[in-house]
Amino acid sequence: GYYGYDHDDYQKTADWLLSQTKHRPQVAIICGSGLGMLADALKCQDAFHYTDIPGFPQSTVQGHAGRLVFGELKGKTCVCMQGRFHMYEGHSLCKTTFPVRVFKLLGVETLIVTNAAGSLADGLKPGDIMIIKDHVNFPGLGGFNPLNGPNDDKFGPRFPAMSACYNPGLRCLAMDIAKQQGVAELVQEGVYAAVGGPNFETIAEAKLMHRLGVDAVGMSTAPEVVVAVHCGLRVFGISLITNKAEAFSSPPNLLSARDTSRCRSPGI
Ligand SMILES: O=P(O)(O)O[C@@H]1C[C@H](O)[C@@H](CO)O1
């Protein structure tokens with residue numbers, strides 16, 4: 001059998017939220033690991049713990065507060081997820097992406113996704129910001145897709161195009177703002193790959209992804225973006241580069257530069 005949600009499930013959660021807050025957000029922001037403090041900057045906040053929201057999935061990851069925060073950011077009404085849901089927590093993909101359809105029903109038009117990611121590109125260092133220009137959804141390519149099951153035509157078509165997931169206008173605007181703020185050297189565009197996790201990549205997997213044109217790798221985001229694009233949301237995405245992906249691949253790579261000369265990884 002198919003254990004997904006139907007339209008009513010999303011609608012009930014959206015209606016409950018609309019009854020609890022006067023905010024009517026145009027923008028939703030999913031805060032990745034360590035980025036939840038953005039929600040604290042919202043003015044005139046209404047905040048809800050996921051445990052108190054009817055029908056909402058529950059967060060199990062450290063560093064994710066598990067709150068939905070409504071408020072004003074620079075004059076725009078926003079809703080922020082402080083903590084997202086990952087496949088490796090044991091959630092089905094329709095559960096990890098449940099909030100995206102709720103946002104659509106709240107009247108949201110633009111979804112901003114953020115995440116922590118490991119760099120596979122020479123020019124991307126820890127601390128840099130990567131504007132996501134496209135993604136590779138490895139679980140999706142293998143058949144783990146949040147759109148599996150009966151299609152809900154009220155949200156979008158059975159076979160949605162994914163050729164322009166990340167809005168070009170918003171990507172340009174973000175680069176212009178980075179220049180204006182004098183941080184352009186920390187910001188560049190790249191391709192994000194989602195893997196299922198929770199283990200980090202092997203060296204061979206990291207090399208494979210690098211050769212396939214992936215710039216940064218993480219364990220989230222792509223399923224949310226698939227669901228958002230399916231239901232017609234405008235998407236902007238950024239990855240905060242937290243590490244070089246290979247650094248997590250094998251113990252020898254974790255040694256200091258002084259030590260690595262005596263333990264080159266054998267033949268990979
Ligand atoms: O929610 P995000 O994607 O920021 O969570 C982080 C990054 C990886 O998905 C995972 C392991 O670091 O946690």
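In this text, all values refer to a predicted model and were calculated from it rather than measured experimentally.

## Considerations on the overall build of the protein
Part 1 of the reasoning: A count of helices and strands for the protein gives nine helices and nine strands.
Part 2 of the reasoning: By sequence separation, contacts in the protein at least 24 residues apart represent 80% of the contacts at least 6 residues apart.

## Observations concerning the UniProt feature "binding site: a purine D-ribonucleoside" (unreviewed entry) in the protein
Part 1 of the reasoning: Look at the UniProt record and you will see "binding site: a purine D-ribonucleoside" (unreviewed entry) annotated at Glu-201 and Asn-243. Across 43 residues, the annotated set stays spatially compact, with a maximum C-alpha separation of 12.5 Å. Those annotated residues from the list above that line the second largest pocket are Glu-201 and Asn-243.
Part 2 of the reasoning: For Glu-201, the position within the fold is in the loop between β7 (187-194) and α7 (203-211).
Part 3 of the reasoning: Residue Glu-201 is classed as buried on the basis of its relative accessible area, which comes to 6%.
Part 4 of the reasoning: Structurally, Asn-243 is set in strand β9 (residues 234-244).

## Concerning the site of the ligand
Part 1 of the reasoning: Around the ligand, the structure places 10 residues, and the nearest of them are Ser-33, Arg-84, His-86, Ala-116 and Ser-220.
Part 2 of the reasoning: For the ligand, an oxygen atom lies 2.8 Å from a polar atom in the backbone of Ser-33.
Part 3 of the reasoning: His-86 has a polar side-chain atom sitting 2.7 Å from an oxygen atom of the ligand.
Part 4 of the reasoning: For the ligand, whose accessible area on its own is 330 Å², the fraction buried by protein is 84%.
Part 5 of the reasoning: Comparing atom positions with the cavity grids shows the ligand to sit within the second largest pocket.
Part 6 of the reasoning: When the residues that make up the shell around the ligand are grouped by side-chain class, the tally is three nonpolar, six polar and one charged.

What counts and what doesn't
- Residues numbered from 1 in each chain as written.
- Predicted model: local features only at pLDDT ≥ 70, side-chain atom pairs only at ≥ 80, totals over all residues.
- Heavy atoms only, no water.
- Helix = DSSP H or I, 4+ residues; strand = E, 2+ residues; numbered from the N terminus.
- Contact = heavy atoms within 4.5 Å.
- UniProt positions renumbered as here; feature names shortened; annotations may be inferred.
- 1 Å grid on protein atoms, 1.4 Å probe; cavity = no way out; pocket = protein on both sides within 12 Å on 5 of 7 lines; lining within 4 Å.
- Buried < 20%, exposed > 50% of the residue type's maximum accessible area, 1.4 Å probe, protein only.
- Near = heavy atom within 4 Å.
- Polar contact = N/O pair within 3.5 Å; in protein donor to acceptor, adjacent residues only side chain to side chain.
- Areas by Shrake-Rupley, 256 points an atom, 1.4 Å probe, with all protein chains shown as cover.
- Sits in = over half its atoms within 2 Å of the grid points.
- Nonpolar A, V, L, I, M, F, W, Y, C, P; charged D, E, K, R; others polar.

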